[in-house]
Amino acid sequence: MAVDLVRARNAYLVVRLRRLGLWLIDLSDEGPRYFEMMRHRPDRATIRLEWIQWVIDNPKREVVRLDGRIRRWAAIAEAEGRYLRVVLLPDGETVHNAFFDRSFVP
Amino acid sequence: MKVKYFEETDTLYIEFRAAEVAETRELDEDTLLDLDADGRVCAITIEHARERGEFPSFSYEQIPA
């Protein structure tokens, strides 16, 4: 299985499995600092990484901002169907933020 | 109160108090408010902070009553 080492940055590793088109985000080491800090906040700690991955892979909606950052939303069944917003940096790979967005209207 | 600036993403995070956050709400495209269950602001995240503030300078002044 072909594996691309897409980026290694501050021990933050994104690996893409080309054939399967899957992205694995290894956040066991430090990732982008803001995201890593927020992940440990109690309200964000309940957000599973697989949910973030789900949103990235199956967005209900995507918006690309003028600054190149990408916003994606998808409903998380395990979280009462609430919509999770995931913000990616312009590289399209690095997760910058993720939170349940009450204002999102599908 | 805590202020953290993340140079990597030009993100400013201001935590007014360590309260339980019930909701994250977008104020504008580059500003997120973290609210407690009573709707009080606990923290603010400002993106593209350099464009909106005079970094890296910071000043604090307490005006006596």
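Residues numbered from 1 in each chain as written. Chains lettered and ligands numbered in written order. Predicted model: local features only at pLDDT ≥ 70, side-chain atom pairs only at ≥ 80, totals over all residues. Heavy atoms only, no water.

Colleague: Got a minute to help me understand the pairing of strand S4 (residues 61-64) of chain A in this structure?
Modeller: Within a regular strand, the side chains alternate between the two sheet faces. Here S4 of chain A pairs with strand S5 (residues 70-76) of chain A via four bridges, running antiparallel. From the neighbouring strand, Arg-61 of chain A faces S5 of chain A, where its bridge partner is Trp-73 of chain A. (Pairing = 2+ DSSP bridges. Helix = DSSP H or I, 4+ residues; strand = E, 2+ residues; numbered from the N terminus.)

Colleague: Help me understand the sheet that holds strand S5 (residues 41-47) of chain B in this model?
Modeller: Strand pairing in a sheet relies on backbone hydrogen bonds, with the paired strands running either antiparallel or parallel. All names here are of chain B. An order of S1-S2-S5-S4-S3 is seen for the five strands of this open sheet, with the pairing classed as antiparallel. At either margin of the open sheet sits one strand with a lone partner, and together these are strand S1 (2-6) and strand S3 (23-28). Between one strand axis and the next, the sheet turns by 15° as a mean value, whatever way the strands run. (Axes fitted to C-alpha atoms, helices over the stretch in contact; angles between N-to-C directions.)

Colleague: I'm lost on the side chain of Glu-23 of chain B in this one. Help?
Modeller: With respect to the helices, strands and loops of the structure, Glu-23 of chain B is situated in strand S3. Within polar-contact distance, the side chain of Glu-23 of chain B engages the side chain of Arg-25 of chain B at 3.2 Å. When neighbours within four sequence positions are excluded, Glu-23 of chain B is seen to be in contact with Arg-102 of chain A together with Leu-33, Asp-34 and Leu-35 of chain B. (Polar contact = N/O pair within 3.5 Å; in protein donor to acceptor, adjacent residues only side chain to side chain. Contact = heavy atoms within 4.5 Å.)

Colleague: What am I meant to see in the interface of chain A and chain B here?
Modeller: Buried accessible area, meaning the area lost when the parts come together, often serves as the stated size of an interface. Contacts between chain A and chain B engage 21 residues on the former and 19 residues on the latter. Summing both sides of the interface, chain A and chain B together bury roughly 1,700 Å²; the carbon and sulfur share of this comes to 47%. Looking at the side of chain A facing chain B, the largest losses of area belong to Tyr-34, Met-37 and Arg-102 of chain A, adding up to 28% of the total buried there. There are seven salt bridges connecting chain A and chain B. Note that Arg-44 of chain A and Asp-34 of chain B form a salt bridge whose closest N and O atoms lie 3.8 Å from each other. Taken together, the connections running from chain A to chain B amount to 15 residue pairs in polar contact (both at pLDDT 80 or more). Looking at the side of chain A that touches chain B residue by residue, the class counts come to seven nonpolar, three polar and 11 charged. (Buried area = accessible area lost by both parts, 1.4 Å probe. Salt bridge = Lys/Arg side-chain N within 4 Å of Asp/Glu carboxyl O. Nonpolar A, V, L, I, M, F, W, Y, C, P; charged D, E, K, R; others polar.)

Colleague: Would you mind going over the sheet that holds S5 of chain A with me for this structure?
Modeller: Residue and element names in this part refer to chain A. Read from one edge of the open sheet, four strands run S4-S5-S6-S7, paired in antiparallel fashion. Each edge of the open sheet is held by one strand with a lone partner, namely S4 and strand S7 (95-100). Each strand axis lies, on average, 20° off the axis of its neighbour in the sheet, ignoring direction. As defined by bridge partners, S5 adjoins strand S6 (residues 82-88) across seven bridges and the pair is classed as antiparallel.

Colleague: When you look at the nonpolar core in this model, what are you seeing that I'm missing?
Modeller: Note that soluble globular proteins tend to have their nonpolar side chains buried in a common cluster. All names here are of chain A. Core analysis: the largest hydrophobic core is formed by 16 residues, its most contacted members being Trp-51, Ile-52, Ile-76, Leu-84, Val-86, Val-95 and Phe-100. Those elements that provide at least two residues to this core are helix H3 (49-57), S5, S6 and S7. Of the residues forming this core, the biggest block, four residues, is contributed by H3. Leave out the neighbours within four places in its chain, and Val-86 touches Ile-52, Val-55, Ile-56, Ile-70, Arg-71, Arg-72, Val-95, Asn-97 and Ala-98. (Core = buried A, V, L, I, M, F, W, Y, C linked by side-chain atoms within 4.5 Å. Buried < 20%, exposed > 50% of the residue type's maximum accessible area, 1.4 Å probe, protein only.)

Purely geometric stuff here, so don't read any function into it on its own.
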